[in-house]
Amino acid sequence: MSASGGTKAIVAALGANLAIAASKFVAFAFSGSSSMLAEGVHSLADSGNQFLLLVGGKKAQREATPQHPFGYGRERFIYAFLVSIVLFSVGGMFAIYEGYEKIRHPHDLEHWYWPVAVLVFAIIAEGFSFRTAIKESNELRGKLSWKEFIRRAKAPELPVVLLEDFGALIGLVLALGGVGLSLLTGDGVWDGIGTLCIGILLVLIAFVLAAETKSLLLGEAAGIEDVKKIEAALVDGDTVTRVIHMRTLHLGPEELLIAAKIAVQHDDTAAEIATAIDAAEARIRAAVPIARVIYLEPDIYSEVAAAKGPDPSATPGGPNPHAAGH
């Protein structure tokens, strides 16, 4: 994903949501529809979310400092996680509360044509925003399914916008159904049920976003294809004969850290090994341009040591030999 992180899709979603939020609040003021109020808060929360994504993208571009030597690429992950919190609390929980209250104390809709007209306008505007997000995502998705794309994407912005817009379109249909059934039956409880369904939908989407962005915050490895390219680039068959073990970590969506132990010939000189490491780094960066930080440790390959497998105590997240008794 480009460094823009789907900025075009974010801006399109921000503009659409601001216009939609204003129209929904106007419709709520004239009709008293709780679905309109919940949808208005939802659109306002979405607008704040897109603003957070833009801020995160801007902050991530700061230069590395002595305190943060690997840069600020993960700012984008942090702000995407904040989006899931806002969507859950401001959007989902508010809608659930409003729907519950409307079911307990239903009232007839006034000036029904306001919410219907606004919902139709909102579906068109959200459809435009969703179409923009799909178009940008298709350029990066390749042969992946939409589920795989959302799961594997290292840049969080497009998956966030896709899920938000998808949820917004379904929410609008639910709101339109709630308003329509209230008008057909003369029972305002249907408006409350539609609002409650919107809230549950937003909470579910928020959980999906939180799970995906939490994984990015914890630190994800490079994708399978990139790992294969790195391994192929490391081995030249002459000085570097194999990869003993390797770890990769995304420092940001477009920043990859690579640490590998490589096997060299036992009779190579220090100068030959240094030259081989420099050449291997150049090959890696040519194969995977986002490889920004590369640490290579030369070693002599031992079949006996390899047969024992990795040392758990030397693996990040493995058992801590100093933890006994604590």
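Details of the structure are given in the entry above.
Residues numbered from 1 in each chain as written. Predicted model: local features only at pLDDT ≥ 70, side-chain atom pairs only at ≥ 80, totals over all residues. Heavy atoms only, no water.

1. What to know about the overall build of the protein
Which entries qualify depends on this criterion: To qualify as a helix, a DSSP run of H or I must reach at least 4 residues; to qualify as a strand, a run of E must reach at least 2; elements of each kind are numbered from the N terminus. As a reference, a globule follows 2.2 Å times the number of residues to the power 0.38, and the radius of gyration itself is taken over C-alpha atoms.
A tally of regular secondary structure across the protein gives 10 helices and 3 strands. In sequence order, the secondary structure elements of the protein are arranged as α-α-α-α-α-α-α-α-β-β-α-β-α. For 326 residues, the compact-globule estimate of 2.2 N^0.38 gives 20 Å, and the C-alpha radius of gyration of the protein, at 26 Å, exceeds that figure by more than 25%. C-alpha extents for the protein along the principal axes are approximately 90 × 50 × 35 Å.

2. Overview of the sheet that holds strand β1 (residues 240-252)
Stated precisely, the cut-off is as follows: Paired strands are those between which DSSP finds at least two bridges. Note on method: axes are straight lines fitted to C-alpha atoms, helices fitted across the in-contact stretch only, with angles between N-to-C directions ranging 0 to 180 degrees. Throughout, a contact is declared for two residues whenever any of their heavy atoms are within 4.5 Å.
Strands sit in the order β1-β2-β3 across an open sheet of 3 strands; the sheet is mixed. Two strands close off the open sheet at either side, each with one partner strand: β1 and β3 (291-299). Adjacent strand axes in the sheet meet at a mean angle of 15°, parallel and antiparallel pairs treated alike. The pairing of β1 with strand β2 (residues 255-264) spans 10 bridges and is classified as antiparallel. Bridged to M246 within β2 is A260. Packed on one face of the sheet, helix α9 (residues 270-287) meets β1, β2 and β3 and runs near 145° to β3.

3. Some thoughts on the environment of G309
With respect to the helices and strands, the residue G309 is situated in the segment after α10 (303-308). In this structure, the C-alpha to C-alpha distance between G309 and P106, residues 203 residues apart in sequence, is 66 Å.

4. Quick notes on the side chain of E157
Quick note on the threshold: Burial status follows relative accessibility: with a 1.4 Å probe on protein chains alone, a residue under 20% of its type maximum counts as buried, one over 50% as exposed, and anything between as partly exposed. Pairs of N or O atoms within 3.5 Å make up the polar contacts considered here, provided that, within protein, one atom can donate a hydrogen while the other can accept it, and that residues adjacent in sequence are counted only when both atoms are side-chain atoms.
If you trace the backbone, E157 turns up in helix α6 (residues 157-185). Relative accessible area serves as the criterion here: at 3%, E157 is assigned to the buried category. Side-chain polar atoms of E157 contact the side chain of R76, separated by 2.8 Å.

5. Some remarks on the pairing of β3
With 8 bridges joining them, β2 and β3 adopt parallel strand pairing. The residue of β3 that forms the bridge with K261 is E297.

6. Concerning the nonpolar core
Keep this limit in mind: Among buried residues, those of type Ala, Val, Leu, Ile, Met, Phe, Trp, Tyr and Cys that are joined through side-chain atoms within 4.5 Å constitute a nonpolar core.
In terms of nonpolar packing, the biggest core is built from 37 residues, with L53, V161 and L209 touching the most fellow members. Counting residues in hydrophobic clusters, the runner-up holds 20 residues, among them A222, V240, A260 and I273.

7. A closer look at the environment of R62
Along the chain, R62 turns up in the loop between α2 (34-59) and α3 (75-104). Separated by 10 residues in the primary sequence, R62 and Y72 place their C-alpha atoms 6.3 Å from one another. Residues in contact with R62, not counting those within four places in the same chain, are Y72 and E75. A distance of 3.1 Å separates a polar atom in the side chain of R62 from the backbone oxygen of K59. Here the side chain of R62 touches E75 through a polar contact of 2.3 Å, side chain to side chain.

8. Section: the pattern of salt bridges
Stated precisely, the cut-off is as follows: Any carboxyl oxygen of Asp or Glu that lies within 4 Å of a side-chain nitrogen of Lys or Arg is treated as forming a salt bridge with it.
Under the counting rule described, the total for this entry stands at 11 salt bridges. Note that E75 is salt-bridged to R62, the shortest N-O span being 2.3 Å. You can see E75 sitting in helix α3 and its partner R62 sitting in the loop between α2 and α3, a full 13 residues away along the chain. With a shortest N-O distance of 4.0 Å, E281 and R285 are connected by a salt bridge. Remark: R285 and E281 occur in helix α9; sequence separation between them is 4 residues, near one turn of the helix. On the accessibility criterion, R285 (36% relative accessible area) is partly exposed. Sharing partners across several salt bridges, the network here consists of R76, E157 and E254.

9. Observations concerning the side chain of T248
Within the secondary structure, T248 is located in strand β1. Of the polar contacts made by the side chain of T248, one reaches the backbone nitrogen of A222; its length is 2.9 Å.

10. A word on a negative patch on the surface
Quick reminder of the rule: Only residues whose relative accessible area exceeds 30% and that take part in no salt bridge are eligible for patches, with like-charged residues grouped when within 9 Å of each other and nonpolar side chains (Val, Leu, Ile, Met, Phe, Trp, Tyr) grouped when within 5 Å. Exposure was quantified through the Shrake-Rupley algorithm and a 1.4 Å probe, taking into account, for residues, occlusion by the shown protein chains and nothing else. Working convention for charge: Lys and Arg count positive, Asp and Glu count negative, and His plus the chain ends are omitted. In plain terms, the charge of a residue is placed at NZ if it is Lys, CZ if Arg, CG if Asp and CD if Glu.
A cluster of like negative charges, contributed by D236, D238, D267 and E272, occupies part of the molecular surface. Relative to the assigned elements, D238 resides in the loop between α8 (224-234) and β1.

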